Protein chains: 2
Amino acid sequence: MNTTDHTVKSYDNELTHLDNAIARMGGLSEALLGRASEALVKRDTTLAGNVIHDDLKIDELEMEINTEVTRILALRQPMADDLRMVISALKTSSDLERIGDLSKNIAKRTITLSSAAPIGAVHTIARMASLVQSMVHNVLDAYLERDERKALDIRAQDEVVDQLHTSLFRELLTYMMEDPRNITPCTHLLFIAKNVERAGDHATNIAENVHFLVTGVHPEDDRPKDDETSFTGLEEE
Amino acid sequence: MNTTDHTVKSYDNELTHLDNAIARMGGLSEALLGRASEALVKRDTTLAGNVIHDDLKIDELEMEINTEVTRILALRQPMADDLRMVISALKTSSDLERIGDLSKNIAKRTITLSSAAPIGAVHTIARMASLVQSMVHNVLDAYLERDERKALDIRAQDEVVDQLHTSLFRELLTYMMEDPRNITPCTHLLFIAKNVERAGDHATNIAENVHFLVTGVHPEDDRPKDDETSFTGLEEE
């Protein structure tokens, strides 16, 4: 170990521990979204209940990372790369906590959802969720490998999620107009789809954290992160 | 100035500057939400356009605070109270940026909204927005005065916002079932109301940041922050 390395061994351990905690949180968030989506497709309210419960583990990990970051900042006064690592861990844990929360929201609406919900729309949501799961997986790899190019590839994947979301929005409005009995289930599906779309936004945020972690600057904010459904209607057209 | 005070004058200035930046961001976010609500009530698309544009100023302030926090952490290595202040500023600026973003989303949907949107529902949303504005105002006062009791009072206000949101959700479903022509405008109103409700959640997050800032610990997470509309339907009942 040369003089530019950390001379205090336990400090190194602390930074490695932070990476591990992010990796674990990422794995849990990715899995929770997948299980929320599975509960929706199978109308499995027991699984949905488990998802709601297991979100607590992700919340606990975020608290742990928060405490650890505050401690490292106070005791180790990290500089340069180490400081960026600590700030990135703080921001990334907050995004992962939100992905857990959104998965929990999906599970809660799944429990309420009547069996009359249109199956085609449910499958589109499952496809969106599967894309977002792979975004979370890839962005965590990029984070742990400090690979900013891989991280920024996530943006292109998020565009696909957004496109699916916009077309699903129109489809759900059509179902509601065809039959008033579709209105309540389709409203829940609108919010479930929105939750998946927002989980994709948080994966994209993490990609930007990785870019900052590796390069020290924030990427140009040119990504199309707006929700196109704001401008989407049917009968006005 | 005694020896326990900061001995470097410019460091004091930097911390004061951070408080000022948060105060300015808070003022802008509160005003932007108010203007988004006014644009909705008056169906003023010009005002809505201005809201969308002015959200940029809030984004810029967040970037400024991010840069300043990173610089202070690197150069000043703050301890104890100062460290908590820097971390709280970072978290609070992120919540204020989200309130700005949510106001922008309200403005975007306002531009799309047809004139057929039920006026009673619009006024309920304006009432919710006005409550959230005062929450943002009060929580920023609490932040700048380091008053954790005032901060935690925000939670009670957020419960009122949540109750209004849940009853509005039911009301909007009823309108949609009465007449299919209401479906598109009421869907946009559902999302607008959800944006206001989420802005209230971010004000509540800031209250928790204030509690951490003053006491050094996070408050017990017993607040009812769940969206009750997850369990709300009409025809299933």
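Analysis parameters
- Residues numbered from 1 in each chain as written.
- Chains lettered and ligands numbered in written order.
- Predicted model: local features only at pLDDT ≥ 70, side-chain atom pairs only at ≥ 80, totals over all residues.
- Heavy atoms only, no water.
- UniProt positions renumbered as here; feature names shortened; annotations may be inferred.
- Helix = DSSP H or I, 4+ residues; strand = E, 2+ residues; numbered from the N terminus.
- Buried < 20%, exposed > 50% of the residue type's maximum accessible area, 1.4 Å probe, protein only.
- Contact = heavy atoms within 4.5 Å.
- Areas by Shrake-Rupley, 256 points an atom, 1.4 Å probe, with all protein chains shown as cover.
- Lys, Arg positive; Asp, Glu negative; His and termini not counted.
- Charge placed at Lys NZ, Arg CZ, Asp CG, Glu CD.
- Buried area = accessible area lost by both parts, 1.4 Å probe.
- Salt bridge = Lys/Arg side-chain N within 4 Å of Asp/Glu carboxyl O.
- Polar contact = N/O pair within 3.5 Å; in protein donor to acceptor, adjacent residues only side chain to side chain.
- Nonpolar A, V, L, I, M, F, W, Y, C, P; charged D, E, K, R; others polar.
- Phe/Tyr/Trp six-rings, centres within 6.5 Å; stacked < 30°, edge-to-face > 60°.
- Least-squares fit on C-alpha atoms with pLDDT ≥ 70 in both.
- Axes fitted to C-alpha atoms, helices over the stretch in contact; angles between N-to-C directions.
- Parallel < 35°, antiparallel > 145°, perpendicular 65-115°, else oblique.
- Left-handed = near helix turned anticlockwise from the far one by under 90°.
- Core = buried A, V, L, I, M, F, W, Y, C linked by side-chain atoms within 4.5 Å.

Looking at an unreviewed UniProt entry, chain A carries the name Phosphate-specific transport system accessory protein PhoU, with the source organism given as Candidatus Terasakiella magnetica. The Subcellular location (unreviewed entry) comment attached to chain A in UniProt states, word for word, "Cytoplasm". What the UniProt record of chain A gives under Sequence similarities (unreviewed entry) is the line "Belongs to the PhoU family."

Here we come to the overall build of chain A. Tallying secondary structure elements over chain A gives six helices and zero strands in all. Listing each helix as α and each strand as β along chain A from the N terminus yields α-α-α-α-α-α. Seen through its C-alpha atoms, chain A measures out along the principal axes to roughly 70 × 40 × 25 Å. Looking at chain A as a whole, 55% of its 237 residues are labelled buried. Contacts in chain A between residues far apart in sequence, at least 24 positions, make up 83% of those at least 6 positions apart. Accessible area of chain A: about 9,600 Å², with a carbon and sulfur share of 52%. Of the charged side chains in chain A, 25 are positive and 42 negative; the average position of the first set lies 4 Å away from that of the second.

This part covers the interface of chain B and chain A. Across the contact, 44 residues belong to chain B and 44 residues belong to chain A. Roughly 4,100 Å² is buried in total at the junction of chain B and chain A, and carbon and sulfur atoms are behind 62% of that figure. A per-residue breakdown of the area chain B buries against chain A is headed by Lys108, Thr184 and Phe191 of chain B, which together make up 14% of the total. Linking chain B to chain A there are zero salt bridges. Across the contact surface, chain B and chain A share four residue pairs in polar contact (both at pLDDT 80 or more). Top element by residues in the side of chain B that touches chain A is helix α6 (residues 183–215) of chain B. It accounts for 10 residues. Looking at the side of chain B that touches chain A, its residues break down into 20 nonpolar, 13 polar and 11 charged.

Here we come to the packing of aromatic side chains. Aromatic ring pairs: the centre-centre distance and the angle between the two ring planes describe each pair. Considering all chains together, one arrives at three aromatic pairs over all chains under this definition. Look at Phe191 of chain A and Phe169 of chain B: their rings are 6.2 Å apart centre to centre, the planes differ by 45 degrees, and that puts the pair in the tilted class. Here the residue Phe191 of chain A occupies a position in helix α6 (residues 183–215), and Phe169 of chain B occupies one in helix α5 (residues 148–178), the pair thus bridging two chains. No difference in accessibility class separates Phe191 of chain A from Phe169 of chain B, as the two residues are buried. Members of the aromatic cluster, connected to one another through ring pairs, are Phe169 and Phe191 of chain A together with Phe169 and Phe191 of chain B.

Before going further, it helps to examine the relation of the copies chain B and chain A. For the pair chain B and chain A, the best superposition has an RMSD of 0.0 Å and corresponds to a rotation of 180 degrees with a translation of 0.0 Å parallel to the axis. Taken together, the rotation angle and the small translation identify this as a two-fold axis. Considering only C-alpha atoms, the residue of chain B closest to the rotation axis is Gln77 of chain B, which sits at 2.8 Å. In this assembly the copies share their binding face: 100% of the residues contributing to the interface of chain B also contribute to that of chain A.

Looking now at the side chain of Asn195 of chain A. With respect to the helices and strands, Asn195 of chain A occurs in helix α6. According to the relative accessible area criterion, Asn195 of chain A is buried, its value standing at 6%.

Turning our eyes to something else, we now look at the packing of helix α4 (residues 119–145) of chain B against α6 of chain B. All names here are of chain B. In contact at an axis separation of 9 Å, α4 and α6 are set at 15 degrees when each is read in the N-to-C sense. The orientation of α4 with respect to α6, classified from their angle, is roughly parallel. The handedness of the crossing between α4 and α6 comes out as left-handed. Considering only residue class, the contact of α4 with α6 consists of 21 nonpolar, two polar and one charged.

Leu189 of chain A together with Leu189 of chain B are the most contacted members of the largest nonpolar core, which has 140 residues in total. If we ignore the near neighbours within four places in the chain, the residues touching Leu189 of chain B are Leu40, Leu113, Ala117, Pro118, Ala121, Val122, Ile125 and Leu172 of chain B.

A positive phi is found at Ala80 of chain A, a non-glycine position, where the angle reads about 45 degrees. The topology assignment puts Ala80 of chain A in helix α3 (residues 80–112).

One can find Glu38 of chain B in helix α1 (residues 9–42). Counting along the chain gives 69 residues from Glu38 of chain B to Ala107 of chain B, while the straight-line C-alpha distance between them is 9.6 Å.

Moving on, we come to the pattern of salt bridges. One pass over the full model with this rule turns up 32 salt bridges over all chains. Put simply, Arg181 of chain B and Asp179 of chain B hold a salt bridge, and the shortest N to O gap is 2.9 Å. Here the residues in one salt-bridge network are Glu14, Glu68, Arg71 and Arg76 of chain A, joined through shared partners.

Turning next to the side chain of Glu68 of chain A. Summarising the element assignment, Glu68 of chain A is placed in helix α2 (residues 45–76). With residues near it in sequence (within four places) discarded, Glu68 of chain A still touches Glu14 and Leu18 of chain A.

Residues and elements named next belong to chain A. Following the UniProt record, the feature "domain: PhoU" (unreviewed entry) maps to residues 22–110 and 125–210 here. The distance separating the terminal C-alpha atoms of residues 22–110 is 28 Å; by composition the span is 94% helix and 0% strand. Helix makes up 93% of residues 125–210 and strand 0%, whereas the separation of the span's terminal C-alpha atoms amounts to 27 Å.

What follows deals with the environment of Ala80 of chain A. We classify Ala80 of chain A as exposed; its relative accessible area is 52%. Separated by 147 residues in sequence, Ala80 of chain A and Asp227 of chain A place their C-alpha atoms 36 Å apart.

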